[in-house]
Amino acid sequence: MKNANKYTRQYSMPPESSWNWVKKEYVDKAPIWCSVDLRDGNQALVVPMNLEEKLEYFQLLVDIGFKEIEVGFPAASDTEFVFLRTLIERDLIPDDVTIQVLTQSRDHIIRRTFESLMGAKRAIVHLYNSTSIAQREQVFRKPKSEIVEIAVSGAQLCKQLALETPGNFMFQYSPESFTGTEVDFALEVCHAVLDVWKPTAERPVIINLPSTVQLSLPHVYASQIEYMSNHLRDRHPVIVSVHPHNDRGTGVADAELAMLAGADRVEGTLFGNGERTGNVDIVTLALNLYSHGVEPGLDFENLPDIQSVVERLTKMQVGKRHPYAGELVFTAFSGSHQDAIAKGMKWREEEEREHWTVPYLPIDPKDIGREYEGDIIRINSQSGKGGIGYLLEQKYGFDLPPRMREDLGYAVKGVSDRLQKELSVDEIADIFTEEFVNLAEPIAFSELKADEGAGHPTTVTIHTHGQTRTIKGSGNGRLDAVSNALQASLGLQYTNLTYKEHALEVGSGSRAVAYISIDDAEGRTHWGCGIDTDIMNASIKALFSAINRMVVATPTFVVQH
Ligand SMILES: CC(=O)SCCNC(=O)CCNC(=O)[C@H](O)C(C)(C)COP(=O)(O)OP(=O)(O)OC[C@H]1O[C@@H](n2cnc3c(N)ncnc32)[C@H](O)[C@@H]1OP(=O)(O)O
Ligand SMILES: CC(C)C(=O)C(=O)O
C-alpha cells in the first residue's frame, strides 16, 4: 500500500485516563437496550422499509423484548411520519415500551418531529448535531462556540415543544461524530445541553456518545467513555449511552469495553444492520453476555426465525460466519474439532452437568433454536472418525467400536475427497452399509443349524463362487463354531476375533447389530458389521462381512473349494 501516509489518526485521547475499566473482568449486567433498526438500520437500506414492513419489524422488536425502540426520523419522509402516526393512532405501542425519535437540531425539523408525536403517551426525543473537527471545518464551517449554539438552541426548542405537546417526553442528546471530537469539547457541548434540560432523578436525560465512524482501537473509545462518564457534572440523573458503528470491525468490542467504562445503555441493531459496515450487533452483544451466564433481557431463543424475518424485511443477508446466527458458526468440519465436540456431548449425556463447557461451542446451539443434527458436525475431507461416528450414532444408532470408526472415517473421507463435496449423514450411512454391513461377496451366509452334542456343533450353509456348500465346525460358542468351520473348510487364516453387539434402537423394528474384527496373517485388521432381527445371525453376518473384507483386500487369496 503506497498511500499509507495519506492517512492519520483522527481521534484524540481524553486529557486523562483512569483506566479503571481495564480492571473489570466482564460485563456483569445487561445494559438498557435500544434498538435503532427502524432508524439507523432503515436509513442504510437500499430501499428503506415501507409502512407494513416497519410495522412488522416493530412487532418483532417488541416480541424480542426491547423496551426502547427508535422508530425513525419522522421529519425525514412521509413513510417515516405515517409510520409513527400509525403506531400511535392504532395504539400499537405496549405500555412498557418507549419509542424514540431522532431529529437534527434544526427548527423546522424539531417542530415536525413534535407534530409526529401528537397523542403519544411517552417518547424519547433524540436531538443531535455533529461536533467533530472534520464536520466543524468541512460541513458547518463554524467555530466551536457556534456548534455549541446549534445544540443549545435545539435543546431549548425541544424543551419548549415538550411543554406544549401532551405526553411524557424524555430527552436524549448525541454529539454526533463524538469519536472525532476532542473529548473535552464533547463534554462542553453535553454540559451546555444538560444546562438547558436540567435532568433530575425523576426525569433523567440520555447522553448518547456515538462512534459515528469508528476511528480508533476499542480501548481508546472506552477511555473516552470513561472520561465522559467520570466528568459529567451531574452524573446521576444522566444515562450514558453508546451507539457504536463498525467501520474497523470492532463495534462489539467498542460496546463491551464502553460498558466496562461506565455506559448504561447501548443502541444497536439486529445482526448489525446499519450505515456502512453497520451498527453494533445487539444479537452478538446479548448472546456474549448470555455465554458468561448473564441474563441479557432479550429473547433470542428462536434466532433462526428472527433472522428470516429480518432478512425478508431488510433484504439483507446474515453472513454464514456471523456470530451466533451464521449458518456455519456452530459447525465443525475439521476432524479434531468434531472429535472433541462429540466427546463433549457424550460427557454431558453421562450425567447432568451444571455448566455448558463443550469444546468449540461457546453456547448450546439449542438455546437459540439451532439443531445439533446438521448444524454442529458436518462431514467433508477435513473430517475425522470422531465426528463421523458421532453422526452415525445420533441419527442411526450405530455405536461403532473406536477402531472401526477409524476405518469408516478413512472410507468416508476418501469419498468426500474424491467427489470434492460435503457428505450428508445419509450418504455416510450408505457408505457404511456398502463397505461394512452384511457383506456377501465372495462368501455369503445362508443358514445356520445348531447340531446336537457338546462343543456347540454347528452346520452352516454358505454360497461361494456360484456354489452352495455346507460346512461344519464346533467351538466354545456358536460364533466360534462358525468361525472354526469357515477357517477349516475355506483355508482362511485369521486371529484375534473381537466382538461387540447392541440393539439398534433407532429406526423401525427391533434389530440387533454386531461388529467383528479379525487380524489377517500379516497383522492387518478387518472390520465387518452384521444386522439382523436375530442376534446370532447378526453376529455371523458380521463375521462374514469381516472375512469378505479380508478376502477382497488380499488379492492372492483363493477360497478353497
Ligand atoms: C449519523 C447519523 O446517522 S445521523 C442521522 C442521519 N439520518 C438521516 O439523515 C436520514 C434522514 N434525513 C433526511 O431525510 C434529511 O436529511 C432531512 C429531511 C432530515 C433534512 O433534509 P435537507 O434539509 O433537505 O437536507 P440535508 O440533511 O442535506 O441538510 C443539510 C443541512 O443541515 C445541516 N445539518 C445537518 N445535520 C444537522 C444537525 N444535526 N443539526 C443542525 N443542522 C444540521 C447541514 O449543516 C446542512 O446545512 P446547510 O443547509 O446550511 O448547508
Ligand atoms: C444520530 C447518531 C446517534 C448516529 O446515528 C450516529 O452517530 O451514528
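Residues numbered from 1 in each chain as written. Chains lettered and ligands numbered in written order. Predicted model: local features only at pLDDT ≥ 70, side-chain atom pairs only at ≥ 80, totals over all residues.

Peer 1: What am I meant to see in the overall build of the protein chain here?
Peer 2: Per the secondary structure count, the protein chain includes 17 helices and 14 strands. In terms of overall dimensions, the protein chain is more spread out than a globule: its C-alpha atoms have a radius of gyration of 35 Å, far above the 24 Å expected for 561 residues. Judged by the C-alpha coordinates and their principal axes, the protein chain covers about 110 × 55 × 40 Å. For the protein chain, restricting intrachain contacts to residue pairs at least 6 apart in sequence, the fraction spanning at least 24 positions comes to 66%. (Helix = DSSP H or I, 4+ residues; strand = E, 2+ residues; numbered from the N terminus. Rg over C-alpha atoms; globule rule 2.2 N^0.38 Å. Contact = placed C-beta atoms within 7 Å.)

Peer 1: Can you walk me through the site of ligand 1 in this structure?
Peer 2: Close contacts around ligand 1 come from 17 residues, with Phe 73, Ala 76, Gln 104, Ser 105 and Asn 129 the closest. A per-class count over the shell around ligand 1 returns eight nonpolar, five polar and four charged. (Near = placed C-beta within 6 Å. Nonpolar A, V, L, I, M, F, W, Y, C, P; charged D, E, K, R; others polar.)

Peer 1: How should the packing of helix H12 (residues 335-350) against helix H13 (residues 385-396) be read in this particular structure?
Peer 2: Between two packed helices, the angle of one axis relative to the other and the distance separating the axes together describe the packing. Remark: H12 packs on H13, axes separated minimally by 6 Å, with the N-to-C direction vectors making an angle of 45°. In terms of orientation, H12 and H13 fall into the oblique class. Residue-level inspection shows Gly 335, Gln 338, Asp 339, Ala 342 and Lys 343 of H12 in contact with H13, the latter providing Gly 386, Gly 387 and Tyr 390. A per-class count over the contact of H12 with H13 returns two nonpolar, four polar and two charged. (Axes fitted to C-alpha atoms, helices over the stretch in contact; angles between N-to-C directions. Parallel < 35°, antiparallel > 145°, perpendicular 65-115°, else oblique.)

Peer 1: Would you take a moment to explain the environment of Ala 44 for this structure?
Peer 2: Relative to the assigned elements, Ala 44 resides in the loop between helix H1 (37-43) and helix H2 (51-64). Taking the C-beta count within 10 Å as the criterion, Ala 44 has 18 such neighbours and is therefore assigned partly exposed. Apart from the residues within four sequence positions on either side, Ala 44 is in contact with Asn 273, Gly 274 and Glu 275. (Buried ≥ 20, exposed ≤ 12 C-beta atoms within 10 Å, placed from the backbone.)

Peer 1: Honestly, the domain arrangement of the protein chain in this entry has me stumped. Any pointers?
Peer 2: A common way to express how large an interface is: the accessible area buried when the components associate. Once the domains are mapped, the protein chain shows domain 1 (18-314), domain 2 (335-435) and domain 3 (443-553). Just the C-alpha atoms count here: the centres of domain 1 and domain 3 sit 72 Å apart. (Domains from an automatic or database assignment.)

Peer 1: Please clarify how the site of ligand 2 should be interpreted in this entry.
Peer 2: Taken together, Asp 40, Leu 102, Tyr 128, Ser 174, Glu 176, Asn 208, Pro 210, Thr 212, His 243 and His 245 make up the full set of residues near ligand 2. Mapped by element, the contributors of at least two residues to the shell around ligand 2 are strand E5 (168-176) and strand E6 (205-211). Residue composition of the shell around ligand 2, grouped by class: three nonpolar, five polar and two charged.

Peer 1: How should I be thinking about the UniProt feature "binding site: Mg(2+)" (unreviewed entry) in the protein chain in this particular structure?
Peer 2: Following the UniProt record, the feature "binding site: Mg(2+)" (unreviewed entry) maps to Asp 40, His 243, His 245 and Asn 279 here. What stands out for the annotated residues spanning 240 residues is how close their C-alpha atoms remain, the widest pair being 10.2 Å apart. Here Asp 40 is to be found in helix H1. What makes Asp 40 buried here is the crowd of 24 C-beta atoms within 10 Å. Beyond its immediate stretch of four places on either side in the chain, Asp 40 contacts Thr 269, Gly 274, Glu 275 and Asn 279. Position of His 245 among the secondary structure elements: in the loop between strand E7 (238-244) and helix H9 (251-260). Judged by local crowding, His 245 falls into the buried class, with 24 C-beta atoms found within 10 Å. (UniProt positions renumbered as here; feature names shortened; annotations may be inferred.)

Peer 1: Would you explain unusual backbone geometry in this entry?
Peer 2: For the peptide bond that leads from Glu 441 to Pro 442, omega is 5°, which places it in the cis range. Residues other than glycine seldom take positive phi values, yet Phe 271 does so here, at roughly 65°. In this fold, Phe 271 is placed in the loop between strand E8 (265-268) and helix H10 (282-291). The class for Phe 271 is buried, based on 29 C-beta atoms found within 10 Å.

Peer 1: Before we go on, may I ask you to explain the nonpolar core in this structure?
Peer 2: Most often, soluble globular proteins keep nonpolar side chains buried together rather than apart. Core analysis: the biggest nonpolar cluster contains 94 residues, and Val 71, Phe 171, Ile 225, Ala 258, Val 283 and Ala 286 have the highest contact counts within it. In terms of residue count, the dominant contributor to this core is helix H7 (residues 183-197) (eight residues). Excluding anything up to four places from it in sequence, Phe 171 contacts Val 125, Leu 127, Cys 158, Trp 197 and Val 205. Judged by nonpolar contacts, the second largest core, of 51 residues, contains Tyr 390, Leu 479, Val 513 and Cys 529. (Core = buried A, V, L, I, M, F, W, Y, C linked by C-beta atoms within 7 Å.)

Peer 1: I'm lost on the confidence of the model for the protein chain in this one. Help?
Peer 2: Should pLDDT be low for a region, the predicted coordinates there are not to be read in detail. Residues with a pLDDT of 70 or more make up 99% of the protein chain, whose mean pLDDT is 96. The least confident element of the protein chain, judged by mean pLDDT, is H13 at 92; the most confident is strand E1 (residues 32-35) at 99. Across the interface, the model reports ipTM at 0.96; the global pTM reads 0.90. (pLDDT = per-residue confidence, 0-100.)

Peer 1: Where do I start with helix H8 (residues 218-231) in this structure?
Peer 2: Helical geometry note: an α-helix holds 3.6 residues per turn, so side chains three or four residues apart project in the same direction. For H8, which comprises 14 residues, the first-to-last C-alpha distance of 20 Å matches the rise-based estimate of 20 Å (1.5 Å per residue) to within 8%. Judged by how many residues are buried, H8 sits mostly within the fold: ten of 14 residues are covered. Listed in full, the buried residues belonging to H8 are Pro 218, Val 220, Tyr 221, Ala 222, Ser 223, Gln 224, Ile 225, Glu 226, Tyr 227 and Met 228. Summarising the contacts, the buried residues of H8 are in contact with H7, E6, E7 and H9. (Expected span 1.5 Å × (residues − 1).)

Peer 1: Can you help me understand the environment of Phe 300 in this one?
Peer 2: Inspection of the secondary structure puts Phe 300 in the loop between H10 and helix H11 (303-314). Put simply, Phe 300 and Gly 369 are 69 residues apart on the chain and 8.1 Å apart in space, counted from C-alpha to C-alpha. In this structure, Phe 300 is in contact with Val 283, Ala 286, Leu 287, Ile 306 and Ile 368, ignoring residues within four places of it in sequence.

Peer 1: How should H2 be read in this particular structure?
Peer 2: A rise of 1.5 Å per residue sets the reference length of H2, with its 14 residues, at 20 Å; its end C-alpha atoms lie 20 Å apart and thus fit the reference within 8%. All buried positions along H2 are accounted for by Glu 53, Lys 54, Tyr 57, Phe 58, Leu 61 and Ile 64. Relative to the axis of H2, the buried residues are bounded by an arc of 135° and lie together on one face. Every exposed residue of H2 that faces more than 90 degrees away from the buried side is listed here: Glu 52 and Asp 63. In this structure, the buried residues of H2 make contact with E1, H1, strand E2 (68-72), helix H3 (78-89) and H11. Looking one or two residues past H2, Gly 65 carries a phi angle of roughly 115°, positive in sign. (Arc of directions from axis to C-beta.)

Peer 1: Can you help me understand the pairing of strand E10 (residues 458-464) in this one?
Peer 2: A regular strand places its side chains on the two faces of the sheet in alternate fashion. Pairing geometry for strand E9 (residues 443-450) and E10, over seven bridges, is antiparallel. When the sheet's bridge partners are listed, Phe 445 is paired in E10 with Ile 462. As paired strands, E10 and strand E11 (residues 467-473) are joined by seven bridges and run antiparallel to one another. When the sheet's bridge partners are listed, Thr 464 is paired in E11 with Gln 467. Hairpin connection, E10 to E11: the antiparallel pair is bridged by two residues, and His 465 has positive phi, about 50°. (Pairing = 2+ DSSP bridges.)

Peer 1: Looking at this structure, how should I read the sheet that holds E7?
Peer 2: Pairing between the strands of a sheet comes from backbone hydrogen bonds, and it takes one of two forms, parallel or antiparallel. Spatially, eight strands are ordered E1-E2-E3-E4-E5-E6-E7-E8 in a closed barrel, and the strand pairing comes out parallel. For this sheet, the mean inter-axis angle between neighbouring strands, taken without regard to orientation, is 25°. Lying over the sheet, H3 contacts E2 and strand E3 (98-104), oriented at roughly 135° with respect to E2. Each of E6, E7 and E8 touches H9; the most contacted strand, E7, lies at about 165° to it.

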